[in-house]
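As a plain string of letters, each chain reads:
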Amino acid sequence: MVSRVIPVDPFDLVIFGGTGDLARRKILPGLFRRFCSGQMPEGSQIIGAARSDIDDAEYRNMVSDAVEEFGGGRTCERGTLEAFLDTIHFVTTDAKGDGGWNELNGKMRPDCVRAFYFSVGPSLFGDLAERLHRFGLATPDSRIVVEKPFGHDLKSAKALNATLAQHFDEAQIYRIDHYLGKETVQNLMAVRFGNMLFEPLWNAQYVDHIQITVAETVGVGGRGSYYDKSGAMRDMVQNHLMQLLCLIAMEPPAKFDPDAVRDEKLKVIRALEPVDWHHVVRGQYGAARDAPSYREDVENPKSSTESFVAMKCHVSNWRWAGTPFYMRTGKRLKARTSEIAVVFKDAPHSIFGVDAGRHRNVLAIRLQPNEGMTLDVTIKEPGPGGMRLLDVPLDMSFAETLGAEAEEAPDAYERLIMDVIRGDQTLFMRGDEVEAAWAWTDPIIADWVMRNDVPKEYEPASSGPEDALMLMHRDGRKWREVKA
Ligand code: NAP
């Protein structure tokens, strides 16, 4: 198979927060990998910007270390790293002051695509947007990339949208949700809308329910002070899980273009019914023999923030009426796995009799680890002894099926940054989508606050609190096993 890379124009990319964790772990190594793949056109430059008083040489050393540590072992021809580092510059810039902005402006070229990545805390987004204009860096064609969290609730998200809108058009604002950059997530759209096979079955008549699981084995680690003010609902459900739900549930857009896709996603969010509190389970991980509890991790002995959420929701429209969507996400669970499972209904009549048991087709889309898809189909168990049935997966691991091409596929950040340069907003959240997601999430959180809800403690390395299992058992269903 021949890899088809869509060329991009030469660009100037400024990374505000260029010395921070996200820049070092994701953005810079991702750019290096694109450079190795020949996707960074000659004449492009990357400019780190932060308050640190360092020069180009010191920043290049930092970038080189970041590529080595987080580059995923990508090997390139000799001299490639040096050539990449030649494209890197640094300007000491204060988002809240006037220092550095004129020098930064002097480095921008008039004939290049301009992108400004706001890899800093959201409290600085407004300052950066305002100064980009005041110091003349922003052109009508410039793009800004903003990181999550996009607001803490509907009110703050609206305020943030309004602040950015003072300086940039919606078509210039790229709100990143890196889940949308994952290969499998886009494959979900290819599977749904590129095949005749699935779409006719993709509705309440044939689908019993849908499960979305994003499980992590890590705790909150060094993010404790941020996470304790946020929790799983704000940190994961309002954005990542909501986006996955949208892609599963949306109507086919007329074409694969940014507004057509985002219009359909928005309709899904708006069709989400308010969630009954009986249908939400919150959890918090306890201590293990060798690992601290959530409360110890965040150094807040009375914290009632959830590190786990499970819920049942309904998309109230013709396609999905009566089909529940179960979502769960949590930290310190027994395996790191993200998957979407579409569980089809039983065949209407079993010609094999009741002894053959219950067999269901399940289409599972694995986001991690080992991106791929499985489709469980029912076959005859081999051998003598009559007609016994067995469910076997038709298994497609991208790495095995597509070989080197899958390994070379850009990771989520790489792909999304290149989409920014290309000016393609399809995989980025629009302002109204984010606000609609908060409008649905806020009442759930407000209800917890009103009821002084305390999350259920769950054992580390488990599947979460018992109540989450009951959420499905009560409906005669069960979660798929959390396994790597
Ligand atoms: P971080 O490690 O704390 O880095 C913050 C960066 O901002 C540093 O480069 C810092 O450099 C710079 N900075 C702080 N104040 C500044 C100012 N007044 N003017 C200019 N630069 C300033 O944070 P991070 O983890 O990289 O996160 C950055 C953003 O990405 C946050 O919004 C975070 O929520 C989001 N995010 C991060 C991750 C992740 O994995 N880290 C994942 C998803 C989203 P100086 O101190 O030198 O100025």
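Above this text is the structure in question.
So, here is what we can say about the structure in this document. Model, not experiment: these values are computed from the prediction. Per chain, residue numbering runs from 1 following the sequence as it is written. The predicted origin of the model limits local features to residues at a pLDDT of at least 70 and limits the giving and counting of side-chain atom pairs to 80 or more, whereas totals for whole chains, interfaces and linings rest on all residues. Calculation of side-chain values draws on the structure's entire complement of heavy atoms; hydrogens and water are dropped beforehand.

## So, the site of the ligand
The environment of the ligand is formed by 21 residues, the closest being Thr19, Asp21, Arg25, Arg51 and Ser52. N or O atoms within 3.5 Å of each other form a polar contact, as long as, within protein, one can give a hydrogen and the other can take it, and as long as residues adjacent in sequence are counted only when both atoms are side-chain atoms. Within the side chain of Asp21, an N or O atom sits 2.8 Å from a nitrogen atom of the ligand. One of the backbone nitrogen or oxygen atoms of Leu22 is found 2.8 Å away from an oxygen atom of the ligand. Accessible surface area values rest on a Shrake-Rupley calculation with a 1.4 Å probe, where residue burial reflects the displayed protein chains alone. For the ligand, whose accessible area on its own is 890 Å², the fraction buried by protein is 73%. In terms of residue count, helix H1 (residues 21–36) provides more of the shell around the ligand than any other element does, three residues in total. Nearness of a residue to a molecule or strand requires only that one of the residue's heavy atoms be within 4 Å of it. Helix numbering and strand numbering both begin at the N terminus, where a helix is a DSSP run of H or I of at least 4 residues and a strand a DSSP run of E of at least 2.

## Some points on the nonpolar core
Here, nonpolar core means buried Ala, Val, Leu, Ile, Met, Phe, Trp, Tyr and Cys residues that are tied together by side-chain atoms lying within 4.5 Å of each other. Summary of the burial criterion: residues with accessible area below 20% of their type's maximum are buried, those above 50% are exposed, and those between are partly exposed, where the area comes from a 1.4 Å probe applied to protein chains only. In this structure, Phe84, Tyr117, Leu245, Met311 and Trp440 are the most contacted members of the largest nonpolar core, which totals 110 residues. For this core, the leading source of residues is helix H9 (residues 231–249), giving twelve residues. All domain edges in this entry derive from an automatic or database-based domain assignment. Both domains that furnish three or more residues to this core are identified here as domain 1 (11–147) and domain 2 (181–410 + 431–473). Apart from residues no more than four positions distant in its own chain, Met311 is found in contact with Met233, Val237, His279, Val280, Phe325, Tyr326, Met327, Trp440, Ile444 and Leu471. By the convention used here, residues are in contact when the closest approach between their heavy atoms is within 4.5 Å.

## Quick word on a nonpolar patch on the surface
Surface patches are drawn from residues lacking salt bridges whose relative accessible area is over 30%; two like charges belong together within 9 Å, two nonpolar side chains (Val, Leu, Ile, Met, Phe, Trp, Tyr) within 5 Å. The salt bridge criterion pairs a side-chain nitrogen of Lys or Arg with a carboxyl oxygen of Asp or Glu, the two atoms within 4 Å. A surface patch of nonpolar side chains, about 320 Å² in accessible area, is lined by Ile351, Phe352 and Met387. Within the secondary structure layout, Met387 lies in the loop between strand E13 (372–380) and strand E14 (389–397).

## Points about the packing of helix H7 (residues 183–194) against H9
In this analysis an axis means a line fitted to C-alpha atoms, helices contributing only their contacting stretch, and an angle means the value between N-to-C directions, from 0 to 180 degrees. Across the interface, H7 lies against H9 with an axial gap of 10 Å and an inter-helix angle of 10 degrees. Between H7 and H9, the interaxial angle falls into the category roughly parallel. For the pair H7 and H9, the crossing hand works out as right-handed. Across the interface between the two elements, Val185, Leu188, Met189 and Arg192 from H7 touch Leu244, Leu247, Ile248 and Ala249 from H9. Each angle receives one of four descriptions, namely roughly parallel if under 35 degrees, roughly antiparallel if over 145, roughly perpendicular if within 65 to 115, and oblique otherwise. Note on convention: near helix rotated counterclockwise from far helix by under a right angle means a left-handed crossing. Clockwise means right-handed.

## Here's the deal with the pairing of strand E10 (residues 324–330)
Here E10 lies mainly inside the structure; seven of its seven residues are buried. Every second residue of E10 is oriented toward a common face, with Pro324, Tyr326, Arg328 and Gly330 on one face and Phe325, Met327 and Thr329 on the other, all of them buried. Strand pairing is assigned whenever DSSP identifies at least 2 bridges connecting the two strands. Note that strand E7 (residues 207–215) and E10 share six bridges and pair parallel. Looking at the pairing, Gln211 lines up with Tyr326 of E10.

## Considering unusual backbone geometry
For the bond running from Lys148 to Pro149, omega is 0 degrees, close enough to zero to count as cis. Relative to the helices and strands, Pro149 resides in the loop between strand E5 (143–146) and helix H6 (154–167). Along the chain, Gln368 connects to Pro369 via a cis peptide bond; the corresponding omega equals -10 degrees. Note on placement: Pro369 falls in the loop between strand E12 (362–368) and E13. Of note in this structure, Arg332 is not a glycine but carries a positive phi near 55 degrees. Following the sequence through the fold, Arg332 ends up in the loop between E10 and strand E11 (337–344). Of note, the phi angle at Ala461 is positive, near 60 degrees, even though the residue is not glycine. By secondary structure assignment, the location of Ala461 is in the loop between strand E15 (456–458) and helix H16 (466–473). On the accessibility criterion, Ala461 (54% relative accessible area) is exposed.

## Brief notes about the environment of Val220
Mapped onto the fold, Val220 is located in the loop between E7 and helix H8 (224–228). Spatially, the C-alpha atoms of Val220 and Pro465 are 18 Å apart, while their sequence positions differ by 245 residues. Aside from chain neighbours lying at most four places away, what touches Val220 is Tyr227, Tyr285, Tyr294, Asp297, Val298 and Lys331.

## Regarding the layout of surface pockets
Size it by volume and the second largest pocket reaches roughly 810 Å³. Residue lining of the second largest pocket: 30 residues in total, with Glu339, Val362, Asp376, Arg480 and Glu481 positioned closest to the centre. Elements supplying a minimum of two residues to the lining of the second largest pocket: E7, E11, E12, E13 and E14. Gly falls in the polar group here, along with every residue not listed as nonpolar (Ala, Val, Leu, Ile, Met, Phe, Trp, Tyr, Cys, Pro) or charged (Asp, Glu, Lys, Arg). For the lining of the second largest pocket, a count of residues per class yields seven nonpolar, nine polar and 14 charged. Buried and open spaces are told apart on a 1 Å grid over the protein atoms alone, a cavity being a set of points where a 1.4 Å probe fits but cannot get out and a pocket being an open set with protein on both sides within 12 Å along at least five of seven lines. Residues with an atom within 4 Å of a point are the lining residues. Grid points are joined across faces, edges and corners, and a volume is the space filled by probe spheres set on the points.

## Looking at the side chain of Arg328
Along the chain, the position of Arg328 falls in strand E10. In summary, the charge assignment counts Lys and Arg as positive and Asp and Glu as negative, without counting His or the chain termini. In this structure Arg328 is buried but unpaired, with Glu339 as the nearest side chain of opposite charge at 6.2 Å. Polar contacts involving the side chain of Arg328 include one to the main-chain carbonyl oxygen of Arg480, which spans 2.7 Å. In contact with Arg328, not counting residues within four places along its chain, are Ile212, Thr213, Val214, Leu241, Phe308, Val309, Ala310, Ser463, Trp479, Arg480 and Val482.

## Side note on the sheet that holds strand E8 (residues 280–285)
Across the sheet, which stays open at both edges, the nine strands sit in the order E14-E13-E12-E11-E7-E10-E9-E8-E15 with mixed pairing between neighbours. Only two strands of the sheet have a single partner each, and these edge strands are E14 and E15. On average, adjacent strands in this sheet sit at an angle of 20 degrees to one another, irrespective of strand direction. As defined by bridge partners, E12 adjoins E13 across five bridges and the pair is classed as antiparallel. Paired with Ala364 across the strands is Thr374, a residue of E13. Contacting E7, E8, strand E9 (308–314), E10 and E15, H16 runs over the sheet at an angle of about 15 degrees to E9.

## Overview of the packing of H9 against helix H10 (residues 258–271)
Where H9 contacts H10, the two axes come as close as 9 Å, and the packing angle between them is 105 degrees. Our classification of the angle between H9 and H10 gives roughly perpendicular. Every residue of H10 that contacts H9 at Met242, Gln243, Leu245, Cys246, Leu247 and Ala249 is listed here: Lys265, Val268 and Ile269. In the contact of H9 with H10, the residues fall into seven nonpolar, one polar and one charged.

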